[in-house]
Amino acid sequence: MAAILAKKLGMTQLFQEDGSVARVTVLEAGPCPVTAVRTAKGDGYDAVQLAFGAIKEKNLSKAERGHLAKADAGPLRHVREFRGETGAQLGDTLTVEQFEIGDKLKVAGTSKGKGFQGTVKRHNFSRGPVSHGSHNVRAPGSIGASAWPARVMKGIRGPGQMGNKRITQKGLTVVRIDADRNLLIVRGSVPGPTNGLVEVRTDA
């Protein structure tokens, strides 16, 4: 399994050799030093821990600075674990060179927060009639009968917080790799805002 931390730079398009257009997302991926290696024998599971995102040393706690120093890594903002066998060792640095064009990826990140939204926007409900004095334009409609169940059943879709959740997008394809600038260009959209942190791994 190949894995790396990246920053979403935005979307653009690339013209392929056959003349088709690929809608792609540009990711600034790594370099990510390996700050810890978990093993099934010692920790109960296999995983590799990566760090990413340069930061001033004063913005880290003493414990965080000490943990990064064990791997000879500088002050970095984000630390994430990727479960599975990677073959990486403590002190290694992972870059985009571990990926190849055509690789299938799954990318996880935090989606954009939309705040408190109604059912039309949050769950794609249909609106009510807007003529003849109707007051049921964007209301959710009936959510429970009076005789039975005489209450609102669990799981009824309603208004509430929308977005700001962890989303994993599968089936993305590597279109281009720029190792000199640490860029990974994938076909399709990636969850999260511009400059948001994403976790990239091969989709086995």
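Right above here is the structure, for reference.
Bear in mind the structure is a predicted one, so any value in this text is a computation, not a measurement.

Caption draft 1: Region of the structure containing the pairing of strand β2 (residues 21–29). Summarising the sheet, strand β1 (residues 3–15) and β2 pair through nine bridges and their orientation is antiparallel. When the sheet's bridge partners are listed, Ala6 is paired in β2 with Ala29. What sits between β1 and β2 in their antiparallel hairpin is a turn of five residues, with Gly19 showing a positive phi close to 95°. In the sheet, β2 pairs with strand β11 (residues 183–187) via five bridges, with the strands oriented antiparallel. The partner of Val24 across the bridge, within β11, is Arg187.

Caption draft 2: Representation of the environment of Gly87 in the model. With respect to the element layout, Gly87 can be found in the loop between β5 (76–83) and β6 (93–94). The exposure class assigned to Gly87 is exposed, which follows from its relative accessible area of 60%. Considered as a pair, Gly87 and Thr202 are 115 residues apart in the sequence and their alpha carbons are 14 Å apart.

Caption draft 3: Quick look at the layout of surface pockets. For the largest pocket, the calculated volume is near 220 Å³. Secondary structure elements with two or more residues in the lining of the largest pocket: β4 (47–54) and β5. A class-by-class count of the residues in the lining of the largest pocket yields five nonpolar, five polar and three charged.

Caption draft 4: Structural view of the sheet that holds β5. In spatial order, the strands read β5-β4-β3-β6; together these four strands make up an open sheet with antiparallel pairing. Taken across any chain shown, the strands that pair with only one partner, and hence form the sheet edges, are β5 and β6. Pairing between strand β3 (residues 32–38) and β6: two bridges, direction antiparallel. Bridging across to β6, Cys32 finds its partner in Leu94.

Caption draft 5: Layout of the sheet that holds β1. With antiparallel pairing, the six strands of this closed barrel are ordered in space as β1-β2-β11-β10-β7-β12. Between one strand axis and the next, the sheet turns by 50° as a mean value, whatever way the strands run.

Caption draft 6: Summary view of a nonpolar patch on the surface. A cluster of nonpolar residues, Ile143, Trp148, Val152, Met153 and Ile156, forms a patch on the protein surface that exposes about 510 Å² of accessible area. Looking at where Ile143 falls in the secondary structure, it is placed in the loop between α3 (119–123) and β9 (160–163). Under the relative-accessibility criterion, Ile143 is labelled partly exposed at 41%.

Cut-off values and rules
- Throughout, residues of each chain are indexed from 1 in the direction in which the sequence is written.
- Owing to the predicted nature of the model, reporting of local features is limited to residues with pLDDT of at least 70; listing and counting of side-chain atom pairs is limited to 80 or more, with chain, interface and lining totals taken over all residues.
- Hydrogens and water are ignored here; the side-chain numbers use all heavy atoms of the structure.
- Two strands qualify as a pair provided DSSP detects at least 2 bridges between them.
- We count a stretch as a helix when DSSP gives it H or I for four or more residues in a row; a strand needs E for two or more, and each element gets its number in order from the N terminus.
- Here the term buried applies to any residue with accessible area under 20% of the maximum for its type, exposed to any over 50%, and partly exposed to those in between, with areas from a 1.4 Å probe on protein chains only.
- Buried and open spaces are told apart on a 1 Å grid over the protein atoms alone, a cavity being a set of points where a 1.4 Å probe fits but cannot get out and a pocket being an open set with protein on both sides within 12 Å along at least five of seven lines. Residues with an atom within 4 Å of a point are the lining residues.
- Grid points are joined across faces, edges and corners, and a volume is the space filled by probe spheres set on the points.
- Here the term charged refers only to Asp, Glu, Lys and Arg, the term nonpolar to Ala, Val, Leu, Ile, Met, Phe, Trp, Tyr, Cys and Pro, and the term polar to all other amino acids, Gly among them.
- To obtain an axis, a line is fitted to C-alpha atoms, over the contacting stretch when the element is a helix, and the angle between two such axes runs from 0 to 180 degrees between their N-to-C directions.
- Every patch collects residues that have over 30% relative accessible area and no salt bridge, joining them within 9 Å if they carry like charges and within 5 Å if they are nonpolar side chains (Val, Leu, Ile, Met, Phe, Trp, Tyr).
- Using a 1.4 Å probe, the Shrake-Rupley method yields the accessible areas, and only the shown protein chains count as cover for residues.
- Basic side-chain nitrogens of Lys or Arg form a salt bridge, by our definition, when they fall within 4 Å of a carboxyl oxygen of Asp or Glu.

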